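Reading the structure
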Protein chains: 2
Amino acid sequence: MARPRTFDEERALDAAMHAFWVNGYEATSTQDLCEATGLGRSSIYNTFSSKHDLFRRALARYMETMNAAQIEILEDVERTGIERVRALLARIIEGEFEHREDGHSIGCLTVNTTVELAARDPEAAAMLERDLATRLTMLRTAIRSGQRDGDITAERDAQTLARYVNAVIGGMRISAQGGADRATLEAIADTALDALAAR
Amino acid sequence: MARPRTFDEERALDAAMHAFWVNGYEATSTQDLCEATGLGRSSIYNTFSSKHDLFRRALARYMETMNAAQIEILEDVERTGIERVRALLARIIEGEFEHREDGHSIGCLTVNTTVELAARDPEAAAMLERDLATRLTMLRTAIRSGQRDGDITAERDAQTLARYVNAVIGGMRISAQGGADRATLEAIADTALDALAAR
DNA sequence: CTTGTTTTGTACTGACCTATCTAAAATGAT
DNA sequence: ATCATTTTAGATAGGTCAGTACAAAACAAG
């Protein structure tokens, strides 16, 4: 019994997420967010109560969609453990070339947020910590599966290997943002997998 | 035949560099820079003509000091190739624990700048590109030395391995900023070296 | 001690920042 | 059609931003 919204909240959230993803938190003004979402200031502040709140929701949404895509790869029972990790790295390279702006990779919002905000925004830090934990769990599962099958080395425990793969992913994203081309990223991924292979 | 400066330009530059390093470019205001350096606005604008210019000089200084320290490790003829790379990774871990603020690692200014500015600041991007090239050259040299001695795998070319090590370093710095402790970083480094080892 | 030059502190400028306020517009329920 | 409620647009507020203007202070050279 009141005026209905003329916009889709999730579409607006996606647009805001993209804006933060491309330019970072500080460099994205509320004016930028209005233009990115197509909403007026009132609508934004009415729906998401502040810039910081909107960022939190955008980050949460990014984590959800990203992890949903990665869990499918890492729990794919059709593949062996190491093949799942290889597929994950391939997916990440693909993502770096899907999400570009002016010929540059925009990287990964969680990595970008770790760099920009983790030290001075406890809420963002807590979200990143939880997200890291779930990603490590997914990785550990795939890695343990590979260790059981014998194609991933059993000389290091799954948690260590998971943290290593996670770090390599972060490094690949930085490399992509630094201008690395596809062949370079693929070579990094291939080399990184050498450390996982059973020998 | 005029009033002399009462401050040391290089000390001021170091202080500014540290401020940018901790908080990033956008989140460091000119007021912050005054407080960090102890200079007044006039002195800052008189010496460094703008915030952006000061940032450029701070970044250049960071790159110089960082690369000077790393070249010593990577060209240490007392060590084999792989030991040099191992020493480099150990040095980087050490650095992550030397440079902290409120219990958080402040990471690496070049990585932070790649994330925050590379896409929209062509000058910073050019500096980062040159810096990457010199770091890859240093790494390649050490890696080639290890390949000649037989302790680094010859199955991948030195350039690929250099890019891999560089990516791992970036990933370790992200991990550190994300809260990884020393043992975790050391385990990542050890695992990463498995991909370099001749087998 | 005067003159010329540079540095320095402080006040200021105009733009942009996040966020709010106000009132008109829109719509479902009665 | 009227009412209650919400969304929306636009103006506004108060603060902070990078950068400048200006005059006082500090010093070296003569």
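As a reminder, the structure under discussion sits directly above these lines.
Residues numbered from 1 in each chain as written. Chains lettered and ligands numbered in written order. Predicted model: local features only at pLDDT ≥ 70, side-chain atom pairs only at ≥ 80, totals over all residues. Heavy atoms only, no water.

**Some words on the overall build of chain A**
- Along its length, chain A carries 9 helices and 2 strands.
- Secondary structure elements of chain A, listed N to C terminal, follow the sequence α-α-α-α-α-β-β-α-α-α-α.
- Referenced to the eigenvectors of the C-alpha coordinate spread, the extents of chain A come out at roughly 65 × 40 × 30 Å.
- A total of 199 residues make up chain A; the buried ones form 52% of that total.
- Here the analysis covers contacts within chain A between residues at least 6 apart in sequence; of these, 66% occur between residues at least 24 apart.
- When the accessible area of chain A is evaluated, it comes to approximately 9,100 Å², of which 47% is carbon and sulfur surface.
- Looking at charge distribution, chain A has the averaged site of its 24 positive side-chain charges lying 3 Å from that of its 32 negative ones. (Helix = DSSP H or I, 4+ residues; strand = E, 2+ residues; numbered from the N terminus. Buried < 20%, exposed > 50% of the residue type's maximum accessible area, 1.4 Å probe, protein only. Contact = heavy atoms within 4.5 Å. Areas by Shrake-Rupley, 256 points an atom, 1.4 Å probe, with all protein chains shown as cover. Lys, Arg positive; Asp, Glu negative; His and termini not counted. Charge placed at Lys NZ, Arg CZ, Asp CG, Glu CD.)

**Thoughts on the packing of aromatic side chains**
Residue and element names in this part refer to chain A.
- Tallying each qualifying case throughout the model produces 8 aromatic pairs over all chains.
- Geometrically, the ring pair formed by Y25 and F55 is edge-to-face, given 5.0 Å between the ring centres and 70° between the ring planes. Of this pair, Y25 sits in the loop between α1 (9–23) and α2 (30–37) while F55 sits in helix α4 (residues 51–74), placing them 30 residues apart in sequence.
- On the basis of relative accessible area, Y25 is assigned to the buried category, the value being 13%.
- Taking relative accessible area as the criterion, F55 reaches 3% and is therefore assigned buried. (Phe/Tyr/Trp six-rings, centres within 6.5 Å; stacked < 30°, edge-to-face > 60°.)

**A closer look at the nonpolar core**
- In terms of nonpolar packing, the biggest core is built from 68 residues, with Y164 of chain A together with Y164 of chain B touching the most fellow members.
- Sequence-distant contacts of Y164 of chain B, defined by excluding residues within four places in its chain, comprise Y164, I188, T191 and A192 of chain A together with A192, A195 and L196 of chain B.
- F20 of chain A together with L13, F20 and A118 of chain B belong to the second-largest nonpolar core, a separate cluster that totals 65 residues. (Core = buried A, V, L, I, M, F, W, Y, C linked by side-chain atoms within 4.5 Å.)

**Things to note about the environment of E98 of chain B**
Residue and element names in this part refer to chain B.
- Its location among the elements puts E98 in helix α5 (residues 81–98).
- When its relative accessible area of 47% is taken as the criterion, E98 is described as partly exposed.
- In this structure, the C-alpha to C-alpha distance between E98 and A176, residues 78 residues apart in sequence, is 12 Å.

**Overview of the packing of helix α8 (residues 158–177) of chain A against helix α9 (residues 182–194) of chain A**
Residue and element names in this part refer to chain A.
- Across the interface, α8 lies against α9 with an axial gap of 10 Å and an inter-helix angle of 165°. Judged by the angle between their axes, α8 and α9 are roughly antiparallel. Considering only the axes of α8 and α9, their crossing is right-handed. In this structure, α8 contributes Y164, V168, M172, S175 and A176 to the contact, and α9 contributes L185, I188, A189 and A192.
- Across the contact of α8 with α9, the residue classes tally to 8 nonpolar, 1 polar and no charged. (Axes fitted to C-alpha atoms, helices over the stretch in contact; angles between N-to-C directions. Parallel < 35°, antiparallel > 145°, perpendicular 65-115°, else oblique. Left-handed = near helix turned anticlockwise from the far one by under 90°. Nonpolar A, V, L, I, M, F, W, Y, C, P; charged D, E, K, R; others polar.)

**A look at empty space enclosed by the protein**
- This model, assessed by the stated rule, comprises 6 cavities of 30 Å³ or more.
- Put simply, the largest cavity is a space of about 280 Å³.
- If you trace the largest cavity, you find 32 residues lining it, with V115 and E116 of chain A together with G24, N112 and E116 of chain B closest to the centre.
- For the lining of the largest cavity, the class distribution of residues is 16 nonpolar, 10 polar and 6 charged.
- Estimates place the volume of the second largest cavity at around 50 Å³.
- Contributing elements (two or more residues each) for the lining of the second largest cavity: α2 (30–37), α3 (41–47) and α4 (51–74) of chain B.
- With 3 residues, α2 of chain B is the single largest residue contributor to the lining of the second largest cavity.
- Residues of the lining of the second largest cavity, tallied by class, amount to 6 nonpolar, 2 polar and 1 charged. (1 Å grid on protein atoms, 1.4 Å probe; cavity = no way out; pocket = protein on both sides within 12 Å on 5 of 7 lines; lining within 4 Å. Points joined across faces, edges and corners; volume = space filled by probe spheres on them.)

**Side note on the protein's contact with DNA strand C**
- If you check the shell around DNA strand C, you find 23 residues, and the closest are T30 and R41 of chain A together with R3, T6 and S42 of chain B.
- In DNA strand C, atoms within 4 Å of the protein come from the sugar-phosphate backbone in 60% of cases.
- Here T30 of chain A contributes a backbone N or O atom positioned 2.7 Å from a phosphate oxygen of DNA strand C.
- Secondary structure elements with two or more residues in the surface near DNA strand C: α3 (41–47) of chain A together with α3 of chain B.
- Looking at the surface near DNA strand C element by element, the count peaks at 4 residues for α3 of chain B.
- In terms of residue class, the surface near DNA strand C is built from 7 nonpolar, 10 polar and 6 charged. (Near = heavy atom within 4 Å. Polar contact = N/O pair within 3.5 Å; in protein donor to acceptor, adjacent residues only side chain to side chain.)

**Quick notes on the interface of chain A and chain B**
- If you look at the interface, chain A gives 34 residues, while chain B gives 34 residues.
- When chain A packs against chain B, close to 3,100 Å² is buried across both sides, 65% of that on carbon and sulfur atoms.
- Of all residues in chain A, the largest losses of buried area upon contact with chain B belong to V115, R156 and T191 of chain A, amounting jointly to 17% of the total for that side.
- At the boundary of chain A with chain B, the tally comes to 2 salt bridges.
- R156 of chain A serves as the salt-bridge partner of D194 of chain B, at 2.8 Å between the closest nitrogen and oxygen.
- Sorting the residues of the side of chain A that touches chain B by element identifies α6 (109–116), α8 and α9 of chain A as the ones contributing at least two each.
- If one sorts the elements of the side of chain A that touches chain B by residue count, α8 of chain A sits on top with 12 residues.
- Each residue belonging to the side of chain A that touches chain B can be placed in one class, and the counts come to 15 nonpolar, 12 polar and 7 charged. (Buried area = accessible area lost by both parts, 1.4 Å probe. Salt bridge = Lys/Arg side-chain N within 4 Å of Asp/Glu carboxyl O.)

**As for the relation of the copies chain A and chain B**
- When chain A is brought onto chain B, the operation consists of a screw motion whose angular component is 180° and whose axial shift is 0.0 Å, with 0.0 Å RMSD remaining. Expressed as an axis order, the relation between the two copies is that of a two-fold axis.
- Interface residue correspondence from chain A to chain B reaches 100%, placing this contact among same-surface, isologous pairings. (Least-squares fit on C-alpha atoms with pLDDT ≥ 70 in both.)

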